[in-house]
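For reference, the chains in residue letters:
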Amino acid sequence: MGDLTHQGLTPGGGKAGREPLIHPPKPPTLGEVCLRLSPPPRGAPGPRTAAAPGDAPSRVPRALPALLLLLPLLAPLLGTGAPAELRVRVRLPDGQVTEESLQADSDADSISLELRKPDGTLVSFTADFKKDVKIFRALILGELEKGQSQFQALCFVTQLQHNEIIPSEAMAKLRQKNPRAVRQAEEVRGLEHLHMDVAVNFSQGTLLSPHLHNVCAEAVDAIFTRQEDVRFWLEQGVDSSVFEALPKASEQAELPRCGQVGDRGKPCVCHYGLSLAWYPCMLKYCHSRDRPTPYKCGIRSCQKSYSFDFYVPQRQLCLWDEDP
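Along each chain, residues carry numbers from 1 onward, in the same order as the chain's sequence is written. This being a predicted model, a pLDDT of at least 70 is required before a residue's local features are given, and a value of 80 or more before pairs of side-chain atoms are given or counted; all residues contribute to the totals for chains, interfaces and linings. Excluded from the side-chain calculation are hydrogens and water; included are all heavy atoms of the structure.

**Thoughts on the overall build of the chain**
Right, on to step 1. In this description a helix means any DSSP run of H or I spanning at least four residues, a strand means any run of E spanning at least two, and both kinds are numbered starting from the N terminus. Counting its regular elements, the chain contains six helices and 15 strands.
Right, on to step 2. Here's how the labels work: a residue is buried when its accessible area is under 20% of the maximum for its type, exposed when over 50%, partly exposed in between, all with a 1.4 Å probe on protein chains only. Residues classed as buried in the chain amount to 41% of the 324 residues present.
Right, on to step 3. Contacts are residue-level and defined by heavy atoms, with any inter-residue pair within 4.5 Å sufficient. Considering only contacts within the chain whose residues lie at least 6 apart along the sequence, 62% involve residues at least 24 apart.
Right, on to step 4. Only the protein chains shown count as cover for residues, with accessible areas throughout obtained via the Shrake-Rupley method and a probe of 1.4 Å. A total of about 18100 Å² of accessible surface is found on the chain, and carbon and sulfur atoms cover 52% of it.

**Overview of the sheet that holds strand β2 (residues 84-91)**
Right, on to step 1. Paired strands, in this sense, are two strands between which DSSP finds at least two bridges. Spatially, the ten strands line up as an open sheet ordered β9-β2-β3-β4-β5-β6-β7-β12-β11-β13, and their pairing is mixed. Strands at the two margins of the open sheet, each flanked by one partner only, are β9 (182-183) and β13 (243-245).
Right, on to step 2. Direction of pairing for strand β11 (residues 198-200) relative to strand β12 (residues 223-225): antiparallel, over a ladder of two bridges. The residue bridging V198 from the neighbouring strand is T225, located in β12.
Right, on to step 3. Only the stretch in contact is used when fitting a helix axis, every axis being a line fitted to C-alpha atoms; angles between N-to-C directions are given from 0 to 180 degrees. Across the face of the sheet, helix α5 (residues 227-235) comes into contact with β6 (133-141), β7 (151-159), β11, β12 and β13 while running at roughly 55 degrees to β7.

**Overview of the pattern of salt bridges**
Right, on to step 1. The salt bridge definition used is simple: a Lys or Arg side-chain nitrogen within 4 Å of an Asp or Glu carboxyl oxygen. For the structure on display, the rule yields twelve salt bridges.
Right, on to step 2. Residues E164 and K134 are paired through a salt bridge, measuring 2.6 Å at the closest nitrogen-oxygen approach. Of this pair, E164 sits in the loop between β7 and α3 (168-171) while K134 is found in strand β6, placing the two residues 30 residues apart along the sequence. Exposure class is identical for E164 and K134. Each is buried.
Right, on to step 3. Residues K284 and E186 are paired through a salt bridge, measuring 3.4 Å at the closest nitrogen-oxygen approach. A residue pair is termed long-range when its members are at least 10 positions apart, and K284 in strand β14 (residues 268-288) and E186 in the loop between β9 and β10 (187-196) qualify at 98 residues.
Right, on to step 4. By relative accessible area, which is 33% here, E186 ends up partly exposed.
Right, on to step 5. Taken together, the salt bridges that share partners define one network made up of E85, R87 and E99.

**Some words on unusual backbone geometry**
Right, on to step 1. Phi is positive for D109, close to 55 degrees, though the residue is something other than glycine.
Right, on to step 2. Among the residues examined, D109 registers a relative accessible area of 23% and is labelled partly exposed.
Right, on to step 3. Residues other than glycine seldom take positive phi values, yet D132 does so here, at roughly 60 degrees.
Right, on to step 4. By secondary structure assignment, the location of D132 is in the loop between β5 (122-128) and β6.

**Digging into the side chain of T98**
Right, on to step 1. Mapped onto the fold, T98 is located in strand β3 (residues 97-105).
Right, on to step 2. Under the rule applied, a polar contact is a pair of N or O atoms within 3.5 Å (in protein, one hydrogen donor and one hydrogen acceptor; residues adjacent in sequence only if both atoms are side-chain atoms). Among the polar contacts listed, one links the side chain of T98 to the backbone oxygen of R116, at a separation of 2.8 Å.
Right, on to step 3. Ignoring sequence-local partners within four residues, the contact set of T98 consists of V88, R89, V90, L92, L115 and R116.

**Observations concerning the state of the cysteines**
Right, on to step 1. The term disulfide is used for any two cysteine sulfur atoms that are within 2.5 Å. The full count for this structure, using the stated rule, is five disulfides.
Right, on to step 2. Across a sulfur-sulfur distance of 2.0 Å, C258 and C268 are joined as a disulfide pair. One disulfide, between C258 and C268, carries an S-S torsion of 90 degrees and so falls in the right-handed class. With a gap of ten residues between them, C258 in the loop between α6 (249-253) and β14 and C268 in strand β14 connect regions that are remote in the sequence.
Right, on to step 3. At a sulfur-sulfur separation of 1.9 Å, the disulfide partner of C286 is C297. Looking along the S-S bond of the C286-C297 disulfide, the torsion reads about 75 degrees, which is the right-handed sense.

**Remarks on the nonpolar core**
Right, on to step 1. The nonpolar core is taken to be a set of buried Ala, Val, Leu, Ile, Met, Phe, Trp, Tyr and Cys residues, with the residues joined through side-chain atoms within 4.5 Å. In terms of nonpolar packing, the biggest core is built from 52 residues, with F136, F156, I165, M171, Y272, F308 and F310 touching the most fellow members.
Right, on to step 2. Contact partners of I165, with chain neighbours within four places excluded, come to I111, F125, A127, F129, M171, Y279, P280 and C281.
Right, on to step 3. Counting residues in each nonpolar core, the second largest holds 22 residues, with I135, C155, V200 and F232 among its members.

**Points about empty space enclosed by the protein**
Right, on to step 1. As defined here, a cavity is a set of points on a 1 Å grid over the protein atoms alone where a 1.4 Å probe fits but cannot get out. A pocket is an open set with protein on both sides within 12 Å along at least five of seven lines, and residues line them when an atom is within 4 Å of a point. Grid points are joined across faces, edges and corners, and a volume is the space filled by probe spheres set on the points. Going through the model one piece at a time under the given rule, you end up with two cavities of 30 Å³ or more.
Right, on to step 2. Each pocket or cavity is described by its volume, and for the largest cavity that value is around 40 Å³.
Right, on to step 3. Around the largest cavity sit A84, E85, L86, L102, A104, M171, A172, L174 and R175, which together line it.
Right, on to step 4. Every element with two or more residues in the lining of the largest cavity is listed here: β2 and β3.
Right, on to step 5. Among the elements that line the lining of the largest cavity, the one with the most residues is β2, at three residues.
Right, on to step 6. Of the voids in this model, the second largest cavity is the one considered here, and its volume is about 40 Å³.
Right, on to step 7. If you go around the second largest cavity, the residues you meet are F125, E164, I165, L276, Y279 and Y306.

The structure is reproduced here in structure tokens:
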């Protein structure tokens with residue numbers, strides 16, 4: 001599977017298929033930084049002061065080029081604010097291979113994952129650790145020859161459990177030595193079925209998570225969550241205006257599945273399934289005689305599938321759901 005590193009993390013033994021070990025990079029020491037910024041020796045000419053009006057223009061201080069050369073070394077210490085991105089090739093459950101993009105923003109304490117399915121559907125997953133929110137989005141390509149729109153967007157928002165995926169600061173350090181390696185998850189987690197019975201008000205969505213406005217911009221009228229998640233977020237202080245009622249579960253239970261409805265104008269219960277083919281779900285810890293406590297030494301990768309049921313007012317909003 002190739003070598004995936006954690007910013008210089010080398011896999012144990014260097015064997016293909018093993019997940020990365022964690023060896024954080026060694027930043028420049030304060031002494032090295034000070035050495036480049038130290039004043040010239042006694043007797044050597046120093047930088048000139050700014051010229052007074054009427055004086056001859058002064059030359060550029062000699063320390064400036066050295067300082068400019070030093071900026072790349074200081075950047076990792078000061079932080080750039082840009083999310084770290086990693087692109088990996090992953091094997092899907094059906095055996096096909098696709099590219100997956102993983103981004104981590106340790107400042108915002110968030111992670112995003114995006115992959116394109118063979119049928120062109122773009123699936124993304126966002127984990128917002130600050131707000132305990134995870135967002136699934138699917139951009140589903142339409143069949144123009146059948147009169148469908150170019151694409152349809154769906155967003156599903158649920159509570160994030162902190163043991164579902166590795167922390168953002170650990171994800172930001174992931175690197176790979178062999179970009180052409182095809183990765184397959186070590187662990188396949190069970191299918192999770194979710195009944196989405198509440199709508200999310202897009203105009204108020206940033207009160208739930210600042211990421212929702214960008215992630216779900218194409219799915220303004222198709223953002224769903226669950227009653228149990230709403231109760232949790234209300235207890236955390238999220239305003240109730242974020243959520244909108246859908247037909248009650250008892251009413252939805254009387255509705256047919258969209259795959260069984262021929263009239264495109266009739267309401268029904270839609271089904272959509274998606275899978276996260278490969279993601280770092282846990283940190284590995286190792287023991288050493290030289291260290292009194294366990295230390296981080298790698299990751300464990302997982303695959304997980306989700307099944308969503310949700311109400312749509314018209315069958316034409318769920319044309320992909322065919323009766324098996």
